[in-house]
Amino acid sequence: YLLTRVEGKIGSPEKPLSDLGLISYRSYWKDVLLGYLCANSNTTLSVKDISQEMAIHSYDIVSTLQALGMMKYWKGKHIILKKQDVLDDYVDRTKRRGSDLKEVDRACLRWNPPQPASI
């Protein structure tokens, strides 16, 4: 997803996902989304904004929020629910995890997106 973000595109795994693939991707999406929601808790959010900033397809965001019980369909629109207990559990889990979580440091990325072939 970091490469996709640098490229300025939206990414999603090839579908259909296996059961194990869905568990793996949903775990990643859940961590990314909950971290994003915690960092942006005082702002109005849209799935489109989250998708563009995190480079995750909106379908994957909606399905993950639904799995977390944080998405409601009301008056023809999807509404993101701020469930404080879910956010608090995420914060507690990240504190317990400590520095064991390994992330790719974007500053260390040395990659340029492919350029379209000129005719």
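Because the structure is a prediction, the values reported are computed rather than measured. Within each chain, residue numbers correspond to sequence positions counted from 1 in written order. This being a predicted model, a pLDDT of at least 70 is required before a residue's local features are given, and a value of 80 or more before pairs of side-chain atoms are given or counted; all residues contribute to the totals for chains, interfaces and linings. Values shown for side chains rest on all heavy atoms present in the structure; no hydrogens or waters enter the calculation.

1. Here's the deal with the environment of Val-86
Okay, so step 1: Strands here are runs of E lasting at least two residues and helices are runs of H or I lasting at least four, both read from the DSSP assignment and numbered beginning at the N terminus. Tracing the chain through its elements places Val-86 in helix α5 (residues 84-97).
Okay, so step 2: Looking at Val-86, the relative accessible area reads 16%, which means it is buried.
Okay, so step 3: Along the chain, Val-86 and Asn-112 lie 26 residues apart, while their C-alpha atoms are 37 Å from each other.
Okay, so step 4: A contact between two residues is defined here by any heavy atoms of the two lying within 4.5 Å. The residues touching Val-86, leaving out its near neighbours within four places in the chain, are Leu-34, Leu-68 and Met-70. Only protein chains enter the area calculation, which uses a 1.4 Å probe; residues under 20% of their type maximum are buried, those over 50% are exposed, and those in between are partly exposed.

2. Examining the pattern of salt bridges
Okay, so step 1: In the sections that follow, a salt bridge refers to a side-chain nitrogen of Lys or Arg positioned within 4 Å of a carboxyl oxygen of Asp or Glu. Enumeration over the complete set of coordinates arrives at four salt bridges.
Okay, so step 2: With a shortest N-O distance of 3.2 Å, Lys-15 and Asp-60 are connected by a salt bridge. In this pair, Lys-15 is assigned in the loop between α1 (2-7) and α2 (19-39) and Asp-60 in helix α4 (residues 58-67), connecting sequence segments 45 residues apart.
Okay, so step 3: Residue classification places Lys-15 among the partly exposed residues on the basis of a relative accessible area of 40%.
Okay, so step 4: Residue classification places Asp-60 among the buried residues on the basis of a relative accessible area of 1%.
Okay, so step 5: The closest approach of N and O atoms between Asp-31 and Arg-93, which form a salt bridge, is 3.0 Å. In this pair, Asp-31 is assigned in helix α2 and Arg-93 in helix α5, connecting sequence segments 62 residues apart.

3. Some words on the environment of Cys-38
Okay, so step 1: Here Cys-38 is to be found in helix α2.
Okay, so step 2: Residue classification places Cys-38 among the partly exposed residues on the basis of a relative accessible area of 27%.
Okay, so step 3: Setting aside its immediate chain neighbours within four residues, Cys-38 contacts Leu-87, Tyr-90 and Val-91.

4. Considerations on the UniProt feature "active site" (unreviewed entry) in the chain
Okay, so step 1: When the UniProt feature table is mapped onto this chain numbering, "active site" (unreviewed entry) sits at Glu-14.
Okay, so step 2: Along the chain, Glu-14 turns up in the loop between α1 and α2. UniProt positions are given in the numbering used here, feature names are shortened, and annotations may be inferred rather than shown by experiment.

5. Regarding α4
Okay, so step 1: Restricting attention to buried positions, one finds in α4 the residues Asp-60, Ile-61, Val-62, Ser-63, Thr-64 and Leu-65.
Okay, so step 2: Where the residues of α4 are buried, they touch α2, α3 (47-54), β1 (71-74) and β2 (77-80).

6. Structural notes on the layout of surface pockets
Okay, so step 1: Only protein atoms enter the 1 Å grid used here. Points where a 1.4 Å probe fits but cannot escape make up a cavity, open sets with protein on both sides within 12 Å along at least five of seven lines make up a pocket, and a residue lines them when an atom lies within 4 Å of a point. Grid points are joined across faces, edges and corners, and a volume is the space filled by probe spheres set on the points. The calculated volume of the largest pocket comes to roughly 510 Å³.
Okay, so step 2: Together, 17 residues line the largest pocket, and Arg-5, Tyr-28, Val-32, Glu-103 and Val-104 are the ones closest to its centre.
Okay, so step 3: Elements represented by at least two residues in the lining of the largest pocket include exactly α1, α2 and α5.
Okay, so step 4: Nonpolar residues are Ala, Val, Leu, Ile, Met, Phe, Trp, Tyr, Cys and Pro. Charged residues are Asp, Glu, Lys and Arg, and all others, Gly as well, are polar. Split into classes, the residues belonging to the lining of the largest pocket amount to nine nonpolar, two polar and six charged.
Okay, so step 5: Of the voids in this model, the second largest pocket is the one considered here, and its volume is about 250 Å³.
Okay, so step 6: Along its surface, the second largest pocket is lined by 15 residues, and Leu-37, Thr-43, Leu-45, Ile-80 and Leu-81 are the ones closest to its centre.
Okay, so step 7: Top contributing element to the lining of the second largest pocket by residue count: β2, with three residues.
Okay, so step 8: Residue classes in the lining of the second largest pocket are distributed as eight nonpolar, six polar and one charged.

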